[in-house]
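Working through the structure, step by step
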Amino acid sequence: MSAASVSVPEDSVAAVAAAPRGRDEGARLGFRLTLPAQVLVLFIAAFPLLMQLYISVTDWGPLGGTGWWSAWRLWNNFANYTDLAADMRFWHALGRTGLVMLICVPAEFLLGLALATLFTGDFPGKRLFYSILLMPMMVVPAVAGYMFFMLFQSGGPVNDILSKFVGHPVTIAWLSDPNLALIAVMIADIWQWTPLMFLILLAGMVGVPEDQMKAATLLGANAWQRFTTIVLPKMKAIIIIALAIRVIENFKIFDTLYIMTGGGPGVATETISVYIYKVTTQDLIWGYVAAIALAILIVLSIVAVFAMKRMVASREVRA
Amino acid sequence: MKRSIPFEFFRYAAIAVALAITLIPILWMISMAFKPIGEWSVVGANLTWWPKHPTLSNFRFLFGHSDSSLIVALDRTAVRPIVSSLLSSIFGTAIAMSAGTAAAYGLSRFGSGQNLPLALIQLRLFPPMAVMIPVMIMWAFLNFTDTWWGLALIYGIVTLPFAFWLMKTFFDDMPREIEEAALVEGCSRWRVFTRVTLPMMRAPLASAALFVFILNWSDYLIALLLTTRQWVTIPVYMASLSSSMTGQLYGAKAALGLIAAVPPVIMGIAIQRYLVRGLTFGALKQ
């Protein structure tokens with residue numbers, strides 16, 4: 001390669017790129033490059049969804065002796081869907097999932113925001129503290145579940161710390177009390193995922209222009225006014241993204257919770273994923289599981305489409 | 001901006017509290033991992049925060065050495081689950097990264113596969129539990145149940161959205177002049193991709209691969225559903241570590257938890273710069 005050939009004028013580069021032969025080659029290569037991903041998406045989306053739809057109108061189960069393709073022999077006239085509407089255990093699990101989300105996500109957001117505010121500016125030890133504070137979200141969730149399982153034993157460290165505060169031995173059976181078990185599970189979720197909020201919100205705060213803050217200070221705005229009038233509006237999009245990510249992930253909550261309580265005591269901590277898991281592995285009526293799963297997928301898709309329309313609309317208003 | 005001394009004091013005090021809350025669960029597990037059996041279970045006020053007689057017997061026990069104080073013997077050691085976790089995570093990462101990188105390049109440079117960004121985010125939206133029935137049926141049909149390659153395939157698909165989106169942001173950010181120069185030189189576009197672009201992207205590729213590996217390594221639910229005995233992964237194996245005689249094998253579980261937790265924490269700190277980008281699907285770059 002000679003030096004002269006590198007410094008080709010701009011327009012001749014464009015000409016080569018736009019030449020018919022070049023464009024065809026690009027389109028062909030682009031198609032081939034995206035093919036594996038497309039196949040994988042189809043493999044996990046299209047075919048399984050059809051299979052799920054098919055099985056969901058039958059009483060099929062893996063131990064019934066018939067292959068899934070002949071599940072039509074077990075056609076049950078949409079009984080799975082009418083059963084689902086009357087299945088109080090399902091609705092309670094859904095409500096519990098919503099409750100966990102309504103408490104955990106705002107708590108994670110506020111704690112993450114507070115931490116991010118503390119981390120503005122420079123101070124000695126910042127990088128080290130930052131790295132340590134991010135650690136919980138990198139711990140394998142199942143392992144985090146086990147950590148909190150140990151912490152909340154009746155002879156465990158949480159009760160030990162509490163006893164030191166109140167002055168006499170505390171022996172709360174956290175994980176076998178229906179109400180406390182749910183609280184323990186939520187504490188574990190907040191411990192693990194506040195760092196994610198902190199990470200995202202801090203990255204968003206770095207983008208807030210320093211000179212605007214200085215100008216506001218000179219004009220006499222106090223810290224709270226600067227925060228509400230400059231920082232929050234600048235961070236609106238980032239806050240929405242952070243909240244959306246946590247809402248989506250929190251809805252799936254399973255690993256930590258299942259390790260800590262197994263959904264118990266009774267059904268006290270049974271969220272939607274735990275409920276489906278139990279029906280899948282214990283009751284083995286997969287036709288019914290498919291119906292539950294499809295119902296959730298449809299509701300989630302509607303919510304997603306609605307949310308995206310709102311987001312597109314708000315973007316257009318701003319533009 | 002100059003801050004007042006009371007503010008600095010408050011800042012350090014608040015951060016100290018946050019650090020304590022962050023570290024106590026982790027330190028408790030580390031402490032438990034080195035405790036002899038006599039200190040595992042605590043009744044009443046005999047709780048030991050730090051092992052009085054630190055020992056490696058929990059780790060030895062995991063790898064098949066019988067322990068005189070532990071009457072129970074493991075019917076299978078932790079070796080196989082560790083190998084299973086490694087194989088399925090590494091190959092799952094390889095699948096996600098190759099399909100994701102290729103597709104991201106195809107979209108970023110040639111506009112192919114316009115449906116992929118949204119389709120992949122949707123894939124992420126659904127709880128895995130809600131799509132596992134067909135996967136379990138398909139995997140049983142393909143004889144993939146309870147194999148590391150079956151796990152690797154589903155891991156590759158589940159983490160494909162992250163690999164694709166991360167690589168897409170890297171390709172979008174990359175200046176195109178060098179590629180165009182190579183095109184003018186007469187290279188085919190495929191050669192440009194493999195000989196010019198990919199070598200230049202070595203560092204981002206490595207970061208994205210580590211990110212995807214952490215996600216695969218962290219899985220519990222999928223392995224719980226798709227493995228039964230031969231190829232259970234570390235979290236599934238850990239959850240099963242208890243015996244009818246002694247109940248929970250606290251120390252052994254903590255030791256295994258520590259083994260499982262160390263690699264992703266180290267990798268995560270190493271790729272800190274890209275965490276925000278990866279977790280927000282490129283919506284936010286740090």
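Before reading further, recall that the structure is shown in the block above.
Here's a quick rundown of the structure. (Residues numbered from 1 in each chain as written. Chains lettered and ligands numbered in written order. Predicted model: local features only at pLDDT ≥ 70, side-chain atom pairs only at ≥ 80, totals over all residues. Heavy atoms only, no water.)

**Quick word on the interface of chain A and chain B**
Applicable threshold: Any two residues whose heavy atoms approach within 4.5 Å at even a single point are treated as in contact. Throughout, the accessible surface (probe 1.4 Å) given up by two parts as they are put together, summed over both, is called the buried area. Between Lys or Arg on one side and Asp or Glu on the other, a salt bridge is scored when a side-chain nitrogen of the former is within 4 Å of a carboxyl oxygen of the latter. The term polar contact refers here to a pair of N or O atoms within 3.5 Å; inside protein, the definition further demands a hydrogen-donor-capable atom paired with an acceptor-capable atom, and it admits residues adjacent in sequence only when both atoms are side-chain atoms. Where helices and strands are cited, they refer to DSSP runs of H or I of at least four residues and of E of at least two residues respectively, numbered from the N terminus. Only Asp, Glu, Lys and Arg are considered charged in this grouping, and only Ala, Val, Leu, Ile, Met, Phe, Trp, Tyr, Cys and Pro are considered nonpolar; every other residue, Gly among them, is considered polar.
At the interface, 99 residues of chain A touch 94 residues of chain B. Of the roughly 8,600 Å² buried where chain A meets chain B, counting both sides, 79% is carbon and sulfur surface. Considering only the surface of chain A that becomes buried against chain B, Leu33, Met138 and Tyr146 of chain A emerge as the three largest contributors, covering 8% of it. Seen at the junction of chain A and chain B, the total is one salt bridge. The partner of Glu249 of chain A in a salt bridge is Arg124 of chain B, with the nearest N and O atoms 3.5 Å apart. Where chain A packs against chain B, one counts 14 residue pairs in polar contact (both at pLDDT 80 or more). For the side of chain A that touches chain B, the leading source of residues is helix H3 (residues 20-44) of chain A, giving 17 residues. Here the side of chain A that touches chain B is built from residues that sort into 72 nonpolar, 18 polar and nine charged.

**Details of a nonpolar patch on the surface**
Stated formally: Within this analysis, patches are made of residues with over 30% relative accessible area and no salt bridge. Like charges are joined at 9 Å or less; nonpolar side chains (Val, Leu, Ile, Met, Phe, Trp, Tyr) at 5 Å or less. Accessible surface is estimated by sampling points in the Shrake-Rupley manner with a 1.4 Å probe; for residues, cover comes only from the protein chains shown.
A contiguous nonpolar patch, built from Ile161, Phe165 and Val166 of chain A together with Ile24, Leu27, Trp49 and Trp50 of chain B and spanning about 700 Å² of accessible area, is present on the exposed surface. No other element matches the three residues that helix H9 (residues 157-166) of chain A contributes to the nonpolar patch. Within the element layout of this structure, Phe165 of chain A appears in helix H9.

**Brief notes about unusual backbone geometry**
Rule in force here: Relative accessibility decides the category of a residue: with a 1.4 Å probe and only protein chains considered, values under 20% of the type maximum give buried, values over 50% give exposed, and everything between is partly exposed.
Positioned with a positive phi, Leu284 of chain A is a non-glycine residue whose angle comes to about 60°. Mapping Leu284 of chain A onto the fold places it in the loop between helix H15 (272-283) and helix H16 (286-318). Its relative accessible area of 28% is what places Leu284 of chain A among the partly exposed residues. Phi is positive for Asn143 of chain B, which is not a glycine, with a value near 60°. With respect to the element layout, Asn143 of chain B can be found in the loop between helix H6 (132-141) and helix H7 (148-158).

**Here we look at the layout of surface pockets**
Note the following rule: In this analysis a 1.4 Å probe is tested at points of a 1 Å grid over the protein atoms alone, and where it fits but cannot get out there is a cavity; an open set with protein on both sides within 12 Å along at least five of seven lines is a pocket; lining residues have an atom within 4 Å of a point. Grid points are joined across faces, edges and corners, and a volume is the space filled by probe spheres set on the points.
Its volume calculated, the second largest pocket comes out at about 1,000 Å³. Lining of the second largest pocket is provided by 30 residues; of these, Phe119, Thr120, Gly121, Lys126 and Leu202 of chain A occupy positions nearest its centre. Those elements that place two or more of their residues in the lining of the second largest pocket are helix H6 (88-118), helix H7 (126-138), helix H10 (178-206), helix H11 (210-218) and helix H12 (223-234) of chain A together with helix H1 (5-33) and helix H15 (272-279) of chain B. Tallying contributions element by element places H12 of chain A first for the lining of the second largest pocket, with five residues. Its residues assigned to classes, the lining of the second largest pocket comprises 15 nonpolar, six polar and nine charged.

**So, the packing of aromatic side chains**
Our working rule: Two rings from Phe, Tyr or Trp (for Trp, the six-membered ring) form a pair when their centres sit within 6.5 Å of each other. Planes less than 30 degrees apart are called stacked, planes more than 60 degrees apart edge-to-face, and all others tilted. Geometrically, a lysine NZ or arginine CZ counts as sitting over a ring once it is within 6 Å of the ring centre and also within 35 degrees of the ring normal.
Per the stated rule, a full pass over the model turns up 32 aromatic pairs over all chains. Each ring, one from Trp60 of chain A and one from Trp286 of chain A, has its centre 6.1 Å from the other, and the planes form 65°; the classification is edge-to-face. Within this pair, whereas Trp60 of chain A is found in the loop between helix H4 (46-55) and helix H5 (79-86), its partner Trp286 of chain A is found in helix H16, the two being separated by 226 residues in sequence. A cation sits over an aromatic face here: Arg80 of chain B above Trp231 of chain B, 4.3 Å from the ring centre. Note that Lys253 of chain B overlies the ring of Phe149 of chain A, its terminal NZ or CZ placed 5.8 Å from the centroid.

**Observations concerning the pattern of salt bridges**
Residues and elements named next belong to chain A. This model, assessed by the stated rule, comprises eleven salt bridges over all chains. For Asp160, the salt bridge identified is with Lys164, shortest N-O distance 3.1 Å. You can see Asp160 and its partner Lys164 sitting in helix H9, four residues apart, about one turn around the helix. Overall, Asp160 belongs to the buried group, its relative accessible area being 15%. Linked through salt bridges whose partners overlap, the residues forming this network are Arg89, Glu270 and Lys278.

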